[in-house]
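# Overview (structure and organization)
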Amino acid sequence: MSDKMTAKEKTALLKSLKEAHADTAEAAQEHLKAQQQVRRALKKAMKEKPMTIPQIAEAAGLPQHEVLWHVVAMKKYDLVEETGQEGDYYLYALAGRKEQ
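Residues numbered from 1 in each chain as written. Predicted model: local features only at pLDDT ≥ 70, side-chain atom pairs only at ≥ 80, totals over all residues. Heavy atoms only, no water.

### A few points about the pattern of salt bridges
- Within the structure shown, the criterion is met by 2 salt bridges.
- Residue E30 is joined to K33 by a salt bridge in which the shortest nitrogen-to-oxygen separation is 3.9 Å. One end of the pair, E30, and the other, K33, are both in helix 2 (residues 22-45), 3 residues apart, so they sit about a helical turn from each other.
- According to the relative accessible area criterion, K33 is partly exposed, its value standing at 49%.
- Between E82 and K75 there is a salt bridge; the shortest N-O distance is 3.3 Å.
- Overall, E82 belongs to the partly exposed group, its relative accessible area being 34%.
- On the accessibility criterion, K75 (35% relative accessible area) is partly exposed. (Salt bridge = Lys/Arg side-chain N within 4 Å of Asp/Glu carboxyl O. Helix = DSSP H or I, 4+ residues; strand = E, 2+ residues; numbered from the N terminus. Buried < 20%, exposed > 50% of the residue type's maximum accessible area, 1.4 Å probe, protein only.)

Written as structure tokens, this is what we have:
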């Protein structure tokens, strides 16, 4: 087979790959939807004031380890920021909101 595929061959190959990996793509989409739902709950919890990880977890009804994972990811993409400390815990707020 040559290095160049015809458009028809490429289309057929892509179609067969889509069909073969449909379950994987669907699972990835469901995982992404679940992550987005969690992030919406965290944003809602932090809407009014900066909060610690335990406070966010309690407000969102999620385990602290899961909240920490999401907050760190959100911080990486500048969606949340550290605004201070409360005891041993950092306070987190939605980006652009620094008042305490």
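### A look at helix 2
- Its 24 residues give helix 2 an end-to-end C-alpha distance of 35 Å, which sits within 8% of 34 Å, the value for a rise of 1.5 Å per residue.
- Where helix 2 is concerned, the buried positions are Q35, V38, L42 and A45.
- On its buried face, helix 2 is in contact with helix 3 (53-60) and helix 4 (64-76). (Expected span 1.5 Å × (residues − 1). Contact = heavy atoms within 4.5 Å.)

### Looking at helix 1 (residues 7-20)
- Compared with the 20 Å implied by 1.5 Å per residue over 14 residues, the 20 Å span of helix 1 between its first and last C-alpha is a close match.
- Of all 14 residues that make up helix 1, 0 are buried, and the element is exposed over most of its length.

### Points about the pairing of strand 1 (residues 80-86)
- Here 6 bridges tie strand 1 to strand 2 (residues 89-94), and the two strands are oriented antiparallel to one another. Note that in strand 2 the partner of Q85 across the bridge is Y90.
- Between strand 1 and the antiparallel strand that follows it, strand 2, lie 2 residues; G87 among them carries a positive phi value of about 65°. (Pairing = 2+ DSSP bridges.)

As far as function goes, none of this settles anything; it's purely spatial.
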